[in-house]
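Examining the three-dimensional arrangement
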Amino acid sequence: MIIAVENSTWSNIGDAFYQQSIEEVFRRTFPDSQVFAFDGPAERAFRAGNWIKNSTDLRPHTVADHFVFSGPILSDTFLKRYGQLIKNIKDARKSYSLISVHGG
């Protein structure tokens, strides 16, 4: 199995430790699987400004059997940031999980 773990939305140093840990948990839990990191939405990784308008969303091109979204904020922007990607995952008969989600 190929597992893609969202690991790029580091708005502070704590996020790096948190997301690296999630990736390691999946490696240890599924030792026969290929586990790798993939980008989260640019809006979560960078503050508003030039970074977002110059970014490209490569998530739709990620090839995996299971996708792990770590800590998405369940707010009014969730569907905008994740909706189409989750629909594409389900349409391809792949699976996903939401880890440590929260809402405002």
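The following refers to the structure shown. Worth saying up front: this structure is predicted, and the values here are computed from it rather than measured. (Residues numbered from 1 in each chain as written. Predicted model: local features only at pLDDT ≥ 70, side-chain atom pairs only at ≥ 80, totals over all residues. Heavy atoms only, no water.)

What follows deals with the overall build of the chain. When you go through the chain residue by residue, the secondary structure sums to 4 helices and 6 strands. Secondary structure elements in the chain, listed N-terminal to C-terminal, are β-α-β-α-α-β-β-α-β-β. Relative to the globule expectation of 13 Å for 104 residues, the C-alpha radius of gyration of the chain, 13 Å, shows essentially globular dimensions. A principal-axis box enclosing the C-alpha atoms of the chain has dimensions of 40 × 35 × 25 Å. The proportion of buried residues among the 104 residues of the chain is 35%. Considering only contacts within the chain whose residues lie at least 6 apart along the sequence, 72% involve residues at least 24 apart. Accessible surface computed for the chain: about 6600 Å², of which carbon and sulfur atoms make up 56%. Taking the average location of the 12 positive side-chain charges in the chain and that of its 11 negative ones, the two points are 4 Å from each other. (Helix = DSSP H or I, 4+ residues; strand = E, 2+ residues; numbered from the N terminus. Rg over C-alpha atoms; globule rule 2.2 N^0.38 Å. Buried < 20%, exposed > 50% of the residue type's maximum accessible area, 1.4 Å probe, protein only. Contact = heavy atoms within 4.5 Å. Areas by Shrake-Rupley, 256 points an atom, 1.4 Å probe, with all protein chains shown as cover. Lys, Arg positive; Asp, Glu negative; His and termini not counted. Charge placed at Lys NZ, Arg CZ, Asp CG, Glu CD.)

Position of Arg27 among the secondary structure elements: in helix α1 (residues 13–29). Put simply, Arg27 and Ile3 are 24 residues apart on the chain and 8.9 Å apart in space, counted from C-alpha to C-alpha. If sequence neighbours within four positions are ignored, Arg27 has contacts with Val35 and Phe36. A distance of 2.8 Å separates the side chain of Arg27 from the side chain of Glu23, its partner in a polar contact. (Polar contact = N/O pair within 3.5 Å; in protein donor to acceptor, adjacent residues only side chain to side chain.)

So, about the sheet that holds strand β3 (residues 66–70). Backbone hydrogen bonds hold the strands of a sheet together, and the pairing may be parallel or antiparallel. Strand order in the open sheet formed by 4 strands is β2-β1-β3-β5, with parallel pairing between adjacent strands. The open sheet has two free edges, formed respectively by β2 (34–38) and β5 (95–99), since each of these has just one partner strand. Going across the sheet, the axis of each strand differs from the next one's by a mean of 20°, ignoring polarity. Bridge count between β3 and β5: 5 bridges; the pairing is parallel. Bridging across to β5, Phe67 finds its partner in Tyr96. (Pairing = 2+ DSSP bridges. Axes fitted to C-alpha atoms, helices over the stretch in contact; angles between N-to-C directions.)

It is worth spelling out the nonpolar core at this point. Ranked by size, the top nonpolar core spans 10 residues in total: Ala4, Phe38, Ala64, Phe67, Phe69, Phe78, Tyr82, Leu85, Ile86 and Ile89. In this structure, Ala4 is in contact with Phe36, Phe38, Thr62, Ala64, His66, Phe67 and Val68, ignoring residues within four places of it in sequence. With 6 residues, the next largest nonpolar core counts Ile3, Phe26, Val35 and Val68 among its residues. (Core = buried A, V, L, I, M, F, W, Y, C linked by side-chain atoms within 4.5 Å.)

Purely geometric stuff here, so don't read any function into it on its own.
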